[in-house]
Amino acid sequence: ACRAGFVELKDGRFLAIGAQSDELFSIVSADRGRTWSVPSRVRDQSGIAIQGRRIGSVIRLASGALAICYEFVFGAGALGETLALGFRRSDDEGGTWTEETPIGLPGDRGSPYHDAMEQTSTGRLLLPVRSTFSNPTQRTPAMATVDGREYDVEGHAHYPELDISYVYYSDDEGQTWSRSEGDLFVWLDDGYRGAYACDEPTLAESKDGRLVMFMRSTVGRIVEAWSA
């Protein structure tokens, strides 16, 4: 069970890519999603299986190539694993993938929401991400008992945590990446009513070329931010 990104291939088939046991796998459907192939490992141009933990996005670029971004384990230490973001592209409809390009610096804990990568009309690739500052030992606030077993029925929607959002962007279809200036969080009445989370950002381009991000927060509403 994992998140997967979907894209339509040029021949009309559907391609889905996900991760399991720290490896990327792909499945294909030739009947518009009714049935799917046996999962196969996603490989680079040398035939080596690609290591990855969680798929962020699978999209088709304006150039016609496919692109994926995903999280992978960069290293481990006393405080646990260090995750990083990787980007690859495929010029043969997902048959093989290029070498890994890092998005951001190792340890920069920006994590994308699912399928959040977008390419604007100017060709700029944008990947909105969030960094989560939370108490890892705190129990989720809502639980339920089902058939005698206790389950979480909510994530961290009401934790008093300060999650921030920002954007990675690329103007060469993912060969190099930069980070947007500053971080986003909710700052009510110049801070007199507190600071709150901007989490799980998604992004879209408006008709006038400006960009808008929508983010989950702990103020009980979706929050938005604009960029010219």
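Below: a short report on this structure.

Rules and cut-offs
- Residues numbered from 1 in each chain as written.
- Predicted model: local features only at pLDDT ≥ 70, side-chain atom pairs only at ≥ 80, totals over all residues.
- Heavy atoms only, no water.
- Helix = DSSP H or I, 4+ residues; strand = E, 2+ residues; numbered from the N terminus.
- Rg over C-alpha atoms; globule rule 2.2 N^0.38 Å.
- Buried < 20%, exposed > 50% of the residue type's maximum accessible area, 1.4 Å probe, protein only.
- Contact = heavy atoms within 4.5 Å.
- Areas by Shrake-Rupley, 256 points an atom, 1.4 Å probe, with all protein chains shown as cover.
- Lys, Arg positive; Asp, Glu negative; His and termini not counted.
- Charge placed at Lys NZ, Arg CZ, Asp CG, Glu CD.
- Pairing = 2+ DSSP bridges.
- Patch = residues over 30% accessible without salt bridge, like charges linked within 9 Å, V, L, I, M, F, W, Y side chains within 5 Å.
- Salt bridge = Lys/Arg side-chain N within 4 Å of Asp/Glu carboxyl O.

So, the overall build of the protein chain
- A count of helices and strands for the protein chain gives zero helices and 20 strands.
- In terms of overall dimensions, the protein chain is globule-like: its C-alpha atoms have a radius of gyration of 19 Å, near the 17 Å expected for 228 residues.
- In terms of principal-axis extent, the alpha carbons of the protein chain reach across some 55 × 55 × 40 Å.
- Here the protein chain holds 228 residues, and 38% of them are scored as buried.
- Look at the contacts in the protein chain between residues 6 or more apart in sequence, and 45% of them connect residues 24 or more apart.
- Counting only carbon and sulfur atoms, one obtains 51% of the accessible surface of the protein chain, whose full area is about 13100 Å².
- For the protein chain, the distance from the average position of its 23 positive side-chain charges to the average position of its 34 negative side-chain charges is 3 Å.

Some points on the pairing of strand β20 (residues 223–227)
- Of the pairings in the sheet, the one linking strand β19 (residues 211–216) to β20 comprises five bridges and is antiparallel in character. Each bridged residue has a counterpart across the sheet, and for Met213 the counterpart in β20 is Ala225.
- The antiparallel hairpin formed by β19 and β20 contains six residues in its connecting segment, where Gly220 sits at a positive phi of about 85 degrees.

Details of a nonpolar patch on the surface
- A surface patch of nonpolar side chains, about 250 Å² in accessible area, is lined by Val146, Tyr151 and Val153.
- Along the chain, Tyr151 falls in strand β13 (residues 149–152).
- With a relative accessible area of 34%, Tyr151 lands in the partly exposed category.

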